[in-house]
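Okay, here's what each chain looks like letter by letter:
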Amino acid sequence: MDTYGRQATDMRLSLTDKCNLRCTYCMPAEGLNWLQKDQVLSRAEIVRLVRIGVDLLGIRELRLTGGEPLVRADLLDIIRDIRANHSELPISMTTNALGLDRRAAALKDAGLTRINVSMDSLHPDTFAQLTRRPFLDRVLKGIEAAADAGLGLVKINAVLMRGINDSEAPDLVEWAVSRGFELRFIEQMPLDADHGWTRDGMVTAAEMRELVETQFVLSPDPRNRDGAPAERWEVRRRSAPDVVVGTVGIIASVTEPFCADCRRTRVTAEGKIMSCLFSREETDLRDLLRTGADDAAVARRWQEAMWAKPRAHGMDHTGLGAADFVQPDRSMSAIGG
Ligand code: SAM
Ligand code: SF4
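Cut-offs applied
Residues numbered from 1 in each chain as written. Chains lettered and ligands numbered in written order. Predicted model: local features only at pLDDT ≥ 70, side-chain atom pairs only at ≥ 80, totals over all residues. Heavy atoms only, no water. Pairing = 2+ DSSP bridges. Helix = DSSP H or I, 4+ residues; strand = E, 2+ residues; numbered from the N terminus. Contact = heavy atoms within 4.5 Å. Axes fitted to C-alpha atoms, helices over the stretch in contact; angles between N-to-C directions. pLDDT = per-residue confidence, 0-100. Phe/Tyr/Trp six-rings, centres within 6.5 Å; stacked < 30°, edge-to-face > 60°. Near = heavy atom within 4 Å. Polar contact = N/O pair within 3.5 Å; in protein donor to acceptor, adjacent residues only side chain to side chain. Areas by Shrake-Rupley, 256 points an atom, 1.4 Å probe, with all protein chains shown as cover. Nonpolar A, V, L, I, M, F, W, Y, C, P; charged D, E, K, R; others polar.

1. Side note on the sheet that holds strand β2 (residues 61-65)
Taking strand neighbours across the sheet as the criterion, the 12 strands line up as β7-β8-β9-β6-β5-β4-β3-β2-β1-β10-β11-β12 in an open arrangement whose pairing is mixed. With partners counted over all chains shown, the strands left at the sheet margins are β7 (216-220) and β12 (283-284), one partner each. Sitting on the sheet, helix α1 (residues 43-57) is in contact with β1 (10-14), β2 and β10 (264-267), with an inclination near 170° to β1.

This is the structure in structure tokens:
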């Protein structure tokens, strides 16, 4: 609970800061200075933190992220251990899907509930330009394997970048709805290690809707948004406007922020609590875990960190560079998006 009455029931847990892609809106071309192995939470520490979150602090949903969670060698064991403790907990994972084709079935068996795959383009060249790696075919194979393994509803995340992949918005929608995936467009946030984000350069949610509406009709999804970051829209083809062919989500963190309904608590790969993606405050739990603190002491420090969660991130009304918004030092990959 924080001072504004929000309850953080959704835990975003980063398993690693490492990644095998170099998306331009996230990482620099040369990568970052990765954490040393002993700086990263161990499997046992992760499993314990999740147990404390669920049993003592009311966590109801877990999302594994990174960096790229699939690069973590003990990923299956981590999921298996968490599942053994929490039979009903929804456990999802956000991934770039490299190597997912070989591991999707094992992830499902280990207890993973659902998967979000990031894929910004269906064109190999554009994909390579955005991620700085020529791996689109591998990502597509991974997505297919996830669907075959029953890791559905598969959600696809796409960050739209002006002049690079924004014109692909309707094609991405067509591709997703015809396969039964839920596509979510994400506004580019100022969380890139290169600090290349500009308010004028980013594609806004309003523009995203306009781009999609060149080929589809969008209408608000009547289902309750229920604290979800994505605003959902029902999709109808212009040629058959009576039939809903799927839904598309738009995550407008910059221009239409949802801070008032935020339910997230974030744990970085080295065990720091961030109450918000844009926090400049971090609260270390790893030292407690490694110095013999009991569960209640860990829970108390976590609770105190969340109590201080700011009301809002400040990007919406000020614009970057103005008044109270300062870009965090960490990139998205180093926080856990
Ligand atoms: N590597 C995994 C992946 O890409 O799905 C998980 C971690 S990644 C940091 C999580 C999500 O954050 C991805 O969907 C990615 O597109 C998104 N992301 C990264 N940097 C972003 C930025 N600057 N603005 C908006 N979304 C961003
Ligand atoms: Fe890696 Fe994900 Fe960041 Fe892309 S968005 S560089 S896949 S962590």
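This is not the end of the story, as more comes after the structure.
2. Concerning the confidence of the model for the protein chain
Detailed reading of the predicted model is not advised wherever pLDDT is low. The pLDDT averaged across the protein chain works out to 93; a share of 97% of its residues lies at or above 70. In this model residues 318-322 is a low-confidence stretch, pLDDT under 50, and it forms 7 contacts with partners more than four residues away in sequence or in other chains.

3. A word on the packing of aromatic side chains
Taken as a whole and judged by the stated rule, the model has 1 aromatic pair. Consider the rings of Trp175 and Phe181, whose centres lie 5.5 Å apart with planes at 55°: the pair is tilted.

4. A word on the site of ligand 1
What surrounds ligand 1 is a group of 19 residues, the closest being Tyr25, Gly67, Glu68, Ser118 and Met189. Take Gly67: an N or O atom from its main chain is 3.0 Å from a nitrogen atom of ligand 1. Here an oxygen atom of ligand 1 sits 3.1 Å away from a polar atom, N or O, in the side chain of Asn157. A total of 540 Å² of accessible area belongs to ligand 1 in isolation, and the protein chains cover 95% of it. Residue assignment for the shell around ligand 1 shows that the elements contributing at least two residues are β3 (91-95) and β5 (155-159). Of the residues contributing to the shell around ligand 1, the split by class is 7 nonpolar, 10 polar and 2 charged.

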